[in-house]
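Secondary and tertiary structure notes
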Amino acid sequence: MATGHTDPRRRERILAAALDLIAEEGVAGVSHRKIAARAKVPLGSMTYHFTGIDDLLLQAFTGYADHVVALFEHHLTGATTPDRAREAVTDLIHTLSEGPRRDLILVQELYTLAARHEPYRALCARWMRRSRTLLEQHFDAATARRLDALIEGLTLHQALDDTPPDRALTREAVSRITADT
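Every value quoted in this text rests on a predicted model; they were computed, and no experiment measured them.

1. Looking at the overall build of the protein chain
- The helix and strand inventory of the protein chain stands at nine helices and zero strands.
- Taken along its principal axes, the extent of the C-alpha atoms in the protein chain is 55 × 35 × 30 Å.
- Looking at the protein chain as a whole, 39% of its 181 residues are labelled buried.
- Put simply, 65% of the contacts in the protein chain that link residues at least 6 apart link residues at least 24 apart.
- If you sum the accessible surface of the protein chain, you get close to 9900 Å²; carbon and sulfur atoms cover 55% of it.
- When the 23 basic and 25 acidic side-chain charges of the protein chain are each reduced to a single mean position, those positions are 5 Å apart.

2. Re helix 6 (residues 101-116)
- Taking 1.5 Å per residue as the helical rise, helix 6 with its 16 residues ought to reach 22 Å, and the 24 Å between its terminal C-alpha atoms agrees with that figure.
- Turning to helix 6, its buried residues are D103, L104, L106, V107, L110, L113 and A114.
- In this structure, the buried side of helix 6 is in contact with helix 1 (10-25), helix 4 (53-76), helix 7 (118-135) and helix 8 (141-160).

3. Description of the environment of A18
- With respect to the helices and strands, the residue A18 is situated in helix 1.
- Taking relative accessible area as the criterion, A18 reaches 0% and is therefore assigned buried.
- In this structure the C-alpha to C-alpha distance between A18 and F61, which are 43 residues apart in sequence, comes to 9.3 Å.
- Non-local contacts of A18, meaning those with residues more than four positions away in its chain, are made with I35, L56 and A60.

4. What to know about the pattern of salt bridges
- Per the counting criterion, the structure on display carries eleven salt bridges.
- When the shortest N-O distance is used, the salt bridge between E24 and R38 registers 2.7 Å. A residue pair is termed long-range when its members are at least 10 positions apart, and E24 in helix 1 and R38 in helix 2 (residues 32-39) qualify at 14 residues.
- For E24, a relative accessible area of 55% gives the class exposed.
- Overall, R38 belongs to the partly exposed group, its relative accessible area being 32%.
- The salt bridge partner of R171 is E87, with a shortest N-O separation of 2.8 Å. Residue R171 is found in helix 9 (residues 167-177), and its partner E87 is found in helix 5 (residues 82-97); the two are separated by 84 residues along the sequence.

5. What about the side chain of R10?
- Mapped onto the secondary structure, R10 falls in helix 1.
- Engagement of the side chain of R10 in a polar contact is seen with the side chain of S45, the distance being 3.0 Å.

Parameters and conventions
- Residues numbered from 1 in each chain as written.
- Predicted model: local features only at pLDDT ≥ 70, side-chain atom pairs only at ≥ 80, totals over all residues.
- Heavy atoms only, no water.
- Helix = DSSP H or I, 4+ residues; strand = E, 2+ residues; numbered from the N terminus.
- Buried < 20%, exposed > 50% of the residue type's maximum accessible area, 1.4 Å probe, protein only.
- Contact = heavy atoms within 4.5 Å.
- Areas by Shrake-Rupley, 256 points an atom, 1.4 Å probe, with all protein chains shown as cover.
- Lys, Arg positive; Asp, Glu negative; His and termini not counted.
- Charge placed at Lys NZ, Arg CZ, Asp CG, Glu CD.
- Expected span 1.5 Å × (residues − 1).
- Salt bridge = Lys/Arg side-chain N within 4 Å of Asp/Glu carboxyl O.
- Polar contact = N/O pair within 3.5 Å; in protein donor to acceptor, adjacent residues only side chain to side chain.

Purely geometric numbers; function is a separate question.
Set out below in structure tokens:
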């Protein structure tokens, strides 16, 4: 195995391995040993890069939240009219719900941690603020808050439903929430 000096991406591999393991086994199935094996790094790398398992998990979930915010940015930044912004939100919902099942599992694992542990609750709060800030580029604050909740809810429902709603239903929901803006 390469040393840290010749393996500058080791930390990122560890974080990616942690998220993959969480998606497969849940947070309860995560350990330093399993993550190190999956990342193909020496076990000592875990304590070199992270102060403990909570630090590792928090950093991994922070990276995941950054990834989702980047999807919000990608979809919302180019919208130049209210109608384009509504369509961008519709596209975002379908991108999230039709994406990898891994992402759905990661969100639910993070929410479970956030329900029990303050650092993860704070991470979710920062994530929601960032998402709403992007939505507020196109909608007022109250509408952005409602849209953020709709995005979360429809993403979950569409990912879990045997017959998920089509784009027309999503578009209608977004239009109704944004009708007064």
